[in-house]
Amino acid sequence: GRWLWLPVAILEIGIGTALLFADTRALAAVASATLFAGYAILMARVVWHGESDFDCGCSGGAAGLRPSSLLAVRNVVLAGAALAARDVETRCLSPEDWLFAAVIALLLLAINAMITALIARTQWPTDD
């Protein structure tokens, strides 16, 4: 599976980019939800079989994460959020709107990083 990181990263970037544009948003939202649901199923399968003693790469290297039920739940929540983006009405955005959207996106990324760090902390005990 090590060779999968590049095609998956390209797919994720492509879907994320397609979500930005009204003409491709509905299809990209469904593709994103499908991808997150697939990740959740893979996580659940690995946890079910007790094969979760490895870093899944889910955090992009920011924190070592093992597949877990918490990550599966996170992916289900993200799949639901992606489906919610499918029906978002858009209008011509002003530069201020793009700036606001960028700030919100950065805030959501920070929240995701905090959740990822919390999950990682519960998985890899420290000597503190």
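Residues numbered from 1 in each chain as written. Predicted model: local features only at pLDDT ≥ 70, side-chain atom pairs only at ≥ 80, totals over all residues. Heavy atoms only, no water.

Some details on the overall build of the chain
Item 1. For the chain, the helix and strand inventory stands at four helices and zero strands.
Item 2. Listing each helix as α and each strand as β along the chain from the N terminus yields α-α-α-α.
Item 3. When burial is assessed residue by residue, the chain has 20% of its 128 residues classed as buried.
Item 4. Restricting to contacts in the chain with at least 6 residues of sequence separation, those with at least 24 account for 55%.
Item 5. Of the accessible surface of the chain, which amounts to about 9100 Å², a share of 71% is contributed by carbon and sulfur atoms. (Helix = DSSP H or I, 4+ residues; strand = E, 2+ residues; numbered from the N terminus. Buried < 20%, exposed > 50% of the residue type's maximum accessible area, 1.4 Å probe, protein only. Contact = heavy atoms within 4.5 Å. Areas by Shrake-Rupley, 256 points an atom, 1.4 Å probe, with all protein chains shown as cover.)

Re the packing of helix 2 (residues 22–48) against helix 3 (residues 69–86)
For any two helices packed against each other, the geometry is given by the interaxial angle and the distance between the axes.
Item 1. Viewed as axis vectors pointing N to C, helix 2 and helix 3 meet at an angle of 170°, and their least axial separation amounts to 8 Å. Classed by the angle they form, the pair helix 2 and helix 3 counts as roughly antiparallel. Regarding helix 2 and helix 3, the two cross each other, and that crossing is left-handed.
Item 2. A per-class count over the contact of helix 2 with helix 3 returns 19 nonpolar, three polar and two charged. (Axes fitted to C-alpha atoms, helices over the stretch in contact; angles between N-to-C directions. Parallel < 35°, antiparallel > 145°, perpendicular 65-115°, else oblique. Left-handed = near helix turned anticlockwise from the far one by under 90°. Nonpolar A, V, L, I, M, F, W, Y, C, P; charged D, E, K, R; others polar.)

Things to note about the nonpolar core
Item 1. Membership of the largest hydrophobic core is limited to six residues, which are Met43, Leu65, Leu71, Ala72, Ile119 and Ala120.
Item 2. Counting residues per element, the ones that place at least two in this core are helix 3 and helix 4 (95–123). (Core = buried A, V, L, I, M, F, W, Y, C linked by side-chain atoms within 4.5 Å.)

Concerning the side chain of Arg25
Item 1. As for its placement among the helices and strands, Arg25 is situated in helix 2.
Item 2. Here Leu19 takes part through its backbone oxygen, which lies 2.9 Å from a polar atom of the side chain of Arg25. (Polar contact = N/O pair within 3.5 Å; in protein donor to acceptor, adjacent residues only side chain to side chain.)

Focus: the packing of aromatic side chains
Item 1. Overall, the coordinates contain one aromatic pair when judged by the stated rule.
Item 2. Ring geometry for Phe36 versus Tyr39: centroids 6.4 Å apart, planes at 80°, classification edge-to-face. Placement of both Phe36 and Tyr39 in helix 2 is noted, with a separation of three residues, approximately one turn of the helix. (Phe/Tyr/Trp six-rings, centres within 6.5 Å; stacked < 30°, edge-to-face > 60°.)

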